[in-house]
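# Survey of secondary and tertiary structure
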Amino acid sequence: VHGPISVFSLISLISVCTCVVVSSGHMIDLLSTEKELVTSLKSYIQAEEDKLQQIKEWADRLDALSAEASQDPEEFLGHPVNAFKLMKRLNTEWVELESLILKDVSDEFISNLTIHRQHFPNDEDQTGAAKALMRLQDTYQLDTDTIASGQLPGSSLPRSVLTVEDCYDVGKVAYSEADYYHTELWMAQALKQLDQGEPAAGLDAVTILDYLSYSVYQQGELQSALDFTKRLLELDPTHQRANGNLKYFEYQLAKQKQAEGEQGGRQRSETRGRPADYLPERKKYEQLCRGEAVEMTPRRQSRLFCRYHDNGRHPRYVIGPVKQEDEWDRPHIVRYHDIVSDKEMEKVKELAKPRLRRATISNPVTGVLETAHYRISKSAWLGAFEHPVVDKINQRIEDVTGLDVSTAEDLQVANYGVGGQYEPHFDFGRKDEPDAFEELGTGNRIATWLLYMSDVQAGGATVFTDVGAAVWPKKGSAVFWYNLFPSGEGDYRTRHAACPVLLGNKWVSNKWIHERGQEFRRRCSLQEAH
């Protein structure tokens, strides 16, 4: 079905699309591919120009010869050389010209394009990128004009703008998801840019107004729907669906006004605004992502310290202790600064890049790893045996935390692409998930080590929605916290999330440390919640 359906049918055709992630590392590869294809395209254009130049020179030569011959054809052909050359041209040279014209110089370019096309993003990737724009729009409270004009806060790059067609395509993605709130915003932006005189090949105001009228109607705004429909009919009086909708909107509006008169005033639509998934936790999550964290009292702040940490005079850190900073008190979240070198981080990225796949989560019922719409990143797993650097990082985690990492999961490397995020979740398996890590046989996740392997220009914070804490990425630093109390009970205050990346590139690596092997390193407590 092209365009919004008629309101008379009352049928909502919803296309559900899985948001497929393209990591920033993959996108850099795509940028290189596009550059190579542009070079190949220029070579093809040059080959076509060379061919046309040969044809033009041949035509100019024959044009001059024809002009000379036409003055006195009989005398011209009376010369035996001219007669021979005419026979030769018609018998062989015109055939050669035909071959030149039919020669396809696009083979090399088409071959190159075919090879690279298998790595191109697909429709799902494009849909995912559009959803990412809407996610950033909501989380960081950006209006469509700010995004369309490329004026993102913190960006120092030349502005990249969205055309009328771009805005229209984002609106269509929202429409396919029955997200009429964002459909209205992006179709209105497309119409605004069109009204300002921006050219849009193959797209007109009638099409945009059709979507606009239906999207605002679905949000309960009959008057706006009627206004958009009237404007559409001014441009196309024969539009069949709009003519039908006009009568319907007028009828429903008259009924609404009559009802309002009887009730003593206009009743505001309950359906207009953010989609239904905008829950209180989501609101808090977005506030924290914007930097609106909970302000600690001065007394609590006074208990947060920076210190040199040697983990009880560990031999490796007696002379060169690590820099430890308290990020939060309850739960206790600490950051270790300059814990990994640039060289080590680059090696980890190098090892992970070829294996980056859509990040997975543990299914709470089956315990099986699977993808989820709320985790938007790509990840790879690195074992200690794969490279000395990975083994060295694992050993450093054990030395600094004092926990046994032999039963920990492999190092998970994650790369967050456009709008990449991980919505609020727990790292540990809860009581209603008894089989969460049964396959591993190492117990629950007792602690989390999160290493930031890049700085992020804007966005990308790790936020703890239950307590209102926000930890911002800093390259080479790692944050650490316990997911379980010493009693083995889960600490529900550790519910956390990764905010969408607004600008930049986010690389992190996680080490999830399990209970087995910690019996004498972090002793149990007799008190349930301690």
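The coordinates are above.
Keep in mind that what you see is a predicted model, and the values were worked out from it rather than measured.

### As for the overall build of the chain
Regarding its fold elements, the chain presents 15 helices and 18 strands. Buried residues in the chain amount to 46% of all 530 residues. With an accessible surface of roughly 28,500 Å², the chain has 53% of that area assigned to carbon and sulfur atoms.

### Considerations on the pairing of strand E10 (residues 421-425)
Most of E10 sits inside the fold, with 4 of its 5 residues counted as buried. Where E10 meets strand E16 (residues 496-498), 2 bridges bridge the pair, whose relative direction is antiparallel. Within the sheet, the bridge partner assigned to His 425 lies in E16 and is His 496.

### Notes on empty space enclosed by the protein
Across all of its chains, the model carries 2 cavities of 30 Å³ or more by this definition. Together, 17 residues line the largest cavity, and Tyr 416, Tyr 422, Leu 450, His 496 and Asn 510 are the ones closest to its centre. Every element with two or more residues in the lining of the largest cavity is listed here: E10, strand E11 (445-452), E16 and strand E18 (506-514). Looking at the lining of the largest cavity, the element that brings in the most residues is E18, giving 4 residues.

### So, helix H4 (residues 107-117)
For H4, every residue scored as buried is listed here: Phe 109, Asn 112, Leu 113 and His 116. Down the axis of H4, the sector holding all buried residues measures 100°, keeping them to one side. Close packing links the buried residues of H4 with helix H1 (24-71).

### A short note on the pairing of E18
E18 sits mainly inside the fold: 9 of its 9 residues count as buried. Because side chains alternate across E18, one face comprises the buried residues Lys 506, Val 508, Asn 510, Trp 512 and His 514, and the other comprises Trp 507, Ser 509, Lys 511 and Ile 513, equally buried. Looking at chain direction, strand E9 (residues 411-416) and E18 are connected through 5 bridges and run antiparallel. Looking at the pairing, Gln 412 lines up with Asn 510 of E18.

### Things to note about the nonpolar core
Core analysis: the largest hydrophobic core is formed by 52 residues, its most contacted members being Ile 208 and Val 463. Among the elements that take part in this core, helix H9 (residues 205-218) stands out by supplying 9 residues, more than any other. Those residues in contact with Ile 208, other than ones at most four positions away along the chain, are Val 164, Tyr 168, Met 187, Ala 190, Leu 191, Leu 194 and Leu 203.

### Some words on the pattern of salt bridges
Taken as a whole and judged by the stated rule, the model has 27 salt bridges. A salt bridge links Arg 355 to Glu 386; its shortest N-O distance comes to 2.3 Å. Here Glu 386 lies in the loop between strand E8 (378-382) and helix H15 (388-401) and Arg 355 lies in the loop between helix H14 (342-352) and strand E4 (357-358), a separation of 31 residues in the sequence. For Glu 386, a relative accessible area of 28% translates into the label partly exposed. Between Arg 445 and Glu 409 there is a salt bridge, with the nearest N and O atoms lying 2.7 Å from each other. Here the residue Arg 445 occupies a position in strand E11, and Glu 409 occupies one in the loop between H15 and E9, the gap between them amounting to 36 residues. What makes Arg 445 buried here is its relative accessible area of 11%. For Glu 409, a relative accessible area of 11% translates into the label buried. Salt bridges here are not isolated pairs; linked through shared partners, they connect Arg 61, Lys 88 and Glu 93.

### Quick notes on the packing of aromatic side chains
One pass over the full model with this rule turns up 18 aromatic pairs. Considering the side-chain rings of Tyr 44 and Phe 109, the 6.0 Å spacing of their centres and the 15° angle between planes classify their relative orientation as stacked. Pair noted here: Tyr 44 is in helix H1 and Phe 109 is in helix H4, with a separation of 65 residues, a long-range link. Residue class for Phe 109 comes out buried when judged on its relative accessible area of 14%. Taken together, Tyr 168, Tyr 175, Tyr 180, Tyr 211, Tyr 214, Tyr 217, Tyr 248 and Phe 249 form an aromatic cluster joined through their ring pairs. Here the guanidinium or amino end of Lys 506 rests over the ring plane of Tyr 416, the centre of that ring lying 4.7 Å away.

### Some points on the side chain of Gln 189
Relative to the helices and strands, Gln 189 is located in helix H8 (residues 180-195). For Gln 189, the side chain forms a polar contact with the side chain of Gln 193, separated by 2.9 Å. Discounting chain neighbours no more than four positions away, the residues touching Gln 189 are Thr 144, Asp 145, Ala 148 and Cys 167.

Calculation criteria
Note that residues are indexed from 1 along each chain, following the sequence as it is written. Local features in a predicted model are, by the rule used here, given only for residues with pLDDT of at least 70; side-chain atom pairs are given and counted only at 80 or more, and totals for whole chains, interfaces and linings are based on all residues. Neither water nor hydrogens contribute to the side-chain values; these are computed over all heavy atoms in the structure. Helical segments are the DSSP runs of H or I of at least four residues, strand segments are the runs of E of at least two, and each set is numbered from the N terminus. When accessible area is computed with a 1.4 Å probe and restricted to protein chains, residues below 20% of their type maximum are described as buried, those above 50% as exposed, and intermediate ones as partly exposed. Shrake-Rupley sampling with a 1.4 Å probe provides the accessible areas, and residues are treated as covered by the protein chains on show and by no other component. A pair of strands is treated as paired once DSSP finds two or more bridges between them. A 1.4 Å probe that fits into a set of points on a 1 Å grid over the protein atoms alone but cannot get out defines a cavity; an open set with protein on both sides within 12 Å along at least five of seven lines defines a pocket, and lining residues are those with an atom within 4 Å of a point. Grid points are joined across faces, edges and corners, and a volume is the space filled by probe spheres set on the points. Comment: arc refers to directions from the helix axis out to C-beta atoms. Residue contacts are counted whenever heavy atoms from the two residues lie within 4.5 Å of one another. By nonpolar core is meant a set of buried Ala, Val, Leu, Ile, Met, Phe, Trp, Tyr and Cys residues that side-chain atoms within 4.5 Å join together. Salt bridge, as applied in this entry: a Lys or Arg side-chain nitrogen positioned within 4 Å of an Asp or Glu carboxyl oxygen. Pairing of aromatic rings covers Phe, Tyr and the six-membered ring of Trp, with a centre-to-centre limit of 6.5 Å; geometry is then stacked below 30 degrees between planes, edge-to-face above 60, and tilted otherwise. Counted as over-ring charges are cases with an Arg CZ or a Lys NZ within 6 Å of the ring centre that also lie within 35 degrees of the ring normal. Two N or O atoms form a polar contact when they lie within 3.5 Å of each other; inside protein one atom must be a possible hydrogen donor and the other a possible acceptor, and for residues adjacent in sequence the pair counts only when both atoms belong to side chains.

Just geometry here; none of it tells us what the structure is for.
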